[in-house]
Structures are given as structure tokens and as C-alpha cells.
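# Structure at a glance
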Amino acid sequence: MALSLTPGAITKMYFTSEEFQPVLQVIDLKLVQSSQNYTTERYRAVLSDGEFYEHGLLATPKNDLVHSGRLQKGSIVKLLHFFTHNNVHRHKFFIIVDLDVLMDTCETIGKPVSADVGNSPSSNVHSSSSESPSFTLIEELSNWHPFQ
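This is a predicted model, so every value here is computed, not measured.

## A look at the packing of aromatic side chains
Counted according to the given criterion, the structure contains 4 aromatic pairs. Ring geometry for Tyr 14 versus Phe 94: centroids 4.9 Å apart, planes at 40°, classification tilted. Here Tyr 14 is found in helix α1 (residues 9-15), whereas its partner Phe 94 is found in strand β5 (residues 91-103), with 80 residues between them in sequence. In terms of burial, Tyr 14 and Phe 94 fall into one category: buried. When the ring of Phe 82 is compared with that of Phe 94, the centres are 6.3 Å apart and the planes differ by 85°; the resulting orientation is edge-to-face. Of this pair, Phe 82 sits in strand β4 (residues 76-88) while Phe 94 sits in strand β5, placing them 12 residues apart in sequence. Over the aromatic face of Phe 20 sits the side chain of Lys 12, whose NZ or CZ is 4.4 Å from the ring centroid.

As C-alpha cells, this is what we get:
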């Protein structure tokens, strides 16, 4: 089955209020540990449009997709509902509320690099393959719950 990622989706997700359902690849998926709440599992997904990647936090009702093995590193997904959150140490990230897994796994598509997006639409997206989120950002993500 041939699937195409949505070109320019990562940038568009930051700067448009238009509802759309991008097809993206999960290039990393990890359980994030919270020092404050050990009972709730949270998963951080790194999403790619083939050119850029950005971090997202999976809503806890979707954890069953990870547990069943349907959602994993390499999965191709269609985001059905998401929003951008942008107040954690000036980092932006996506909250993935609902998604469909179109393909369980495949090789990484393209050579995506980090999307370093500022806080305004005039900011440029630039690449840097050496960037990674700070531990503090992951800690903040793991403590945030989209339904509270």
C-alpha cells in the first residue's frame, strides 16, 4: 500500500486555523515519566511530514494503540483532531487528541529535520538535525493533560 505524507504539514499545523487531517509518520515514540504522577502513562510522539519533524503528546485515551502495537515507531497516521500548545518554556508542540493508524510501520520517509518554529507567524522554520527537546520540556509535557 503506497501512502504519501502530507507535504508541509508540520509548518501548516503551526500557522493555520484551518481544519485539516494531515498524514504523518511517527519517527519516535516514547513513554515519558512524570516525577509527580506515576499512575498515568503519557507517550511523546515525534511526527514527521518527510521534511520536518515536531514533538507531540498523545492523549491518554489513545494509549491503547501503543499497547496493542498498532502505533509504534514508523507508523503512518492520519491526525483527525489535534491542537498546538505553545507555552512550555517557549516551545510549541502538538496535542494529538485523535488519529487513525493507516500503516503499522514502515521505513522512515525522507530525511526530516527539526522544525524550530518561533512564537509568531513571521518566524521561519529552519532545520537543525542536532536539536532535541530539553528534559524540562518532556517533564512539562508529561504533566500536562489535555482534558483537565
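Having put the structure on the table, let's press on.
## Quick notes on the confidence of the model for the protein
Here the protein shows a mean pLDDT of 79. Residues at 70 or above account for 71%. Model confidence for the protein, summarised as mean pLDDT per element, is weakest for helix α3 (residues 135-143) at 45 and strongest for strand β1 (residues 23-32) at 96. Residue range residues 118-148 is modelled with pLDDT below 50. Its contacts to residues more than four positions away, or to other chains, number 65 contacts.

## Points about the pairing of β1
Two faces belong to every sheet, and in a regular strand the side chains alternate between them. Of all 10 residues making up β1, 8 are buried, and the element is well covered by its neighbours. Sheet topology places β1 next to strand β2 (residues 42-48); 7 bridges connect them, and they run antiparallel. Counterpart to Lys 30 in the pairing with β2 is Arg 44.

## Comments concerning the nonpolar core
Counting 25 residues, the largest nonpolar core has Ile 10, Leu 71 and Leu 79 as its most contacted members. Secondary-structure elements contributing two or more residues to this core are α1, β1, β2, β3 (52-58), α2 (63-67), β4 and β5.

## Some details on the side chain of Lys 62
Relative to the helices and strands, Lys 62 resides in the loop between β3 and α2. Within the structure, Lys 62 has its side chain in polar contact with the side chain of Asp 98 (distance 2.9 Å). Non-local contacts of Lys 62, meaning those with residues more than four positions away in its chain, are made with Val 97, Asp 98 and Leu 99.

What counts and what doesn't
- Residues numbered from 1 in each chain as written.
- Predicted model: local features only at pLDDT ≥ 70, side-chain atom pairs only at ≥ 80, totals over all residues.
- Heavy atoms only, no water.
- Phe/Tyr/Trp six-rings, centres within 6.5 Å; stacked < 30°, edge-to-face > 60°.
- Helix = DSSP H or I, 4+ residues; strand = E, 2+ residues; numbered from the N terminus.
- Buried < 20%, exposed > 50% of the residue type's maximum accessible area, 1.4 Å probe, protein only.
- Lys NZ or Arg CZ within 6 Å of the ring centre and 35° of its normal.
- pLDDT = per-residue confidence, 0-100.
- Contact = heavy atoms within 4.5 Å.
- Pairing = 2+ DSSP bridges.
- Core = buried A, V, L, I, M, F, W, Y, C linked by side-chain atoms within 4.5 Å.
- Polar contact = N/O pair within 3.5 Å; in protein donor to acceptor, adjacent residues only side chain to side chain.

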